[in-house]
Every structure is written in C-alpha cells, then in structure tokens.
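Analysis of the macromolecular model
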Amino acid sequence: MQGNLLVANVIGFLGVLQYRVVDKDSGFVGKEMTPFVQSDDPNFRPVDIKVGPDGAVYFLEWQNPIIGHLQHHLRDPNRDHIHGRIYRVTSSEKPLLKPVPLAGEPIPKLLELLREPEDRVRYRARIELGGRDSKEVVAAADAWKSKLDPKDPIMSIT
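Residues numbered from 1 in each chain as written. Predicted model: local features only at pLDDT ≥ 70, side-chain atom pairs only at ≥ 80, totals over all residues. Heavy atoms only, no water.

1. Some details on the overall build of the protein
Scanning the protein from N- to C-terminus turns up three helices and seven strands. Secondary structure elements of the protein occur, N-terminal to C-terminal, as β-β-β-β-β-β-β-α-α-α. Taken against the 2.2 N^0.38 rule, which gives 15 Å for 158 residues, the C-alpha radius of gyration of the protein at 20 Å runs more than 25% over that of a compact globule. Counting only C-alpha atoms, the protein reaches 60 × 35 × 35 Å along its principal axes. Evaluated residue by residue, the protein yields a buried proportion of 27% over its 158 residues. A separation of at least 24 residues holds for 40% of the contacts in the protein among residues at least 6 apart in sequence. Considering the protein, the positive charge centre built from 22 side chains and the negative charge centre built from 22 side chains are found 2 Å apart. (Helix = DSSP H or I, 4+ residues; strand = E, 2+ residues; numbered from the N terminus. Rg over C-alpha atoms; globule rule 2.2 N^0.38 Å. Buried < 20%, exposed > 50% of the residue type's maximum accessible area, 1.4 Å probe, protein only. Contact = heavy atoms within 4.5 Å. Lys, Arg positive; Asp, Glu negative; His and termini not counted. Charge placed at Lys NZ, Arg CZ, Asp CG, Glu CD.)

And the structure:
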C-alpha cells in the first residue's frame, strides 16, 4: 500500500477510499483499489489520515449525524461534540516499524535519513533539519550531496 492515496469519504460512501497513483503521459492517474475502511454506520465520519512513525495508519472518526457545514447551521443542536474515535490500523503480515530517533541527532545523520524508504521518516528528518542553523545544514547538505550516487534506486524516492 505504500505510495497509495487514502481519501476520507462521507458522501455516497462511508469510509476511507484507496487509490494507486501511477504516471500517465505528462501527469498522473488514480486507479481505485479496494477501500481501506468501510462502515455501515450512517454517522461514520473519517476526517484525518496519517501514517505514524511506527508505520501504522491512524485516522480520526468524528461520529456525527450531520455531514458538512453548508447544509446545516454551525450551531445545529444535532451536531455531536462528544463522540469520536481514533483508529490505528496495522498489518497482520508485517511487524511495525521501530521509530527512528531524530531529536538532537547530528546533521549528517539526519541527511542520511532522507534516503529512508519510509516517507514519514524523511518528513520528520526534514522538519528536524529545518530547526537547525541554516548555514550548517547547507554546508553539510552540499558535502552529503556530492557523495550520492545518482544511479542508486533509493534516489528516486527523495
């Protein structure tokens, strides 16, 4: 599923849809896959999807009989402000990832983490690098970049 697009949907389908995004000509095409999650609860409202540092997919579900904001006043008494859930979905076929320590790591190690196949690790490494001294990061990045092999397949993911 890595690289697939997950879309929280509440109109016409209650659940999380899944698409495989593929290159086509000068753009991309989404191929609909088996839904990631589907519910028959009419109040099921998945609203946010993230991949955690452990590789699990987390999503929030806002339990509410009202869909959207335009159809109903924001103060409609039927809006549920109490119920909701946080779901954590893991694979039964693969172990969870061990979270990679980032806080306080040296800049060269953070740069090397940009080669990780897990998008979330690369994302968090970029955030950590963003909090460091710009001149130090640029100098270290220039040195790191000069040693990279452009033929390395891992380079296609960064």
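2. What to know about the pattern of salt bridges
According to the stated counting rule, one finds six salt bridges in the structure shown. Among the ionic pairs, Arg88 bridges to Asp54, the shortest N-O distance being 3.0 Å. Placement of Arg88 in strand E7 (residues 85–89) and of Asp54 in the loop between strand E5 (46–51) and strand E6 (57–61) is noted, with a sequence separation of 34 residues between them. Looking at Asp54, the relative accessible area reads 10%, which means it is buried. (Salt bridge = Lys/Arg side-chain N within 4 Å of Asp/Glu carboxyl O.)

3. A few points about the packing of aromatic side chains
Tallied over the full model, the rule gives three aromatic pairs. Where Phe44 meets Tyr87, the ring centres are 6.4 Å apart and the plane angle is 65°; that geometry is what we call edge-to-face. Taken as a pair, Phe44 in the loop between strand E4 (37–38) and E5 and Tyr87 in strand E7 lie far apart in primary sequence, 43 residues in all. What makes Phe44 buried here is its relative accessible area of 3%. Here Tyr87 falls in the partly exposed class, since its relative accessible area comes to 29%. (Phe/Tyr/Trp six-rings, centres within 6.5 Å; stacked < 30°, edge-to-face > 60°.)

4. Side note on the environment of Arg115
One can find Arg115 in the loop between helix H1 (107–112) and helix H2 (119–130). Each C-alpha atom, one on Arg115 and one on Arg88, is 26 Å from the other, the two residues being 27 residues apart in sequence. Polar contacts involving the side chain of Arg115 include one to the side chain of Glu112, which spans 2.9 Å. (Polar contact = N/O pair within 3.5 Å; in protein donor to acceptor, adjacent residues only side chain to side chain.)

5. Here's the deal with the pairing of strand E3 (residues 27–32)
Little of E3 sits out of view: just zero of its six residues are buried. Counting the residues that bridge the hairpin from strand E2 (residues 15–24) to E3 gives two residues, and of these Asp25 lies at a positive phi of roughly 55°. (Pairing = 2+ DSSP bridges.)

6. Focus on the side chain of Glu105
Along the chain, the position of Glu105 falls in the loop between E7 and H1. Excluding anything up to four places from it in sequence, Glu105 contacts Leu110 and Arg132.

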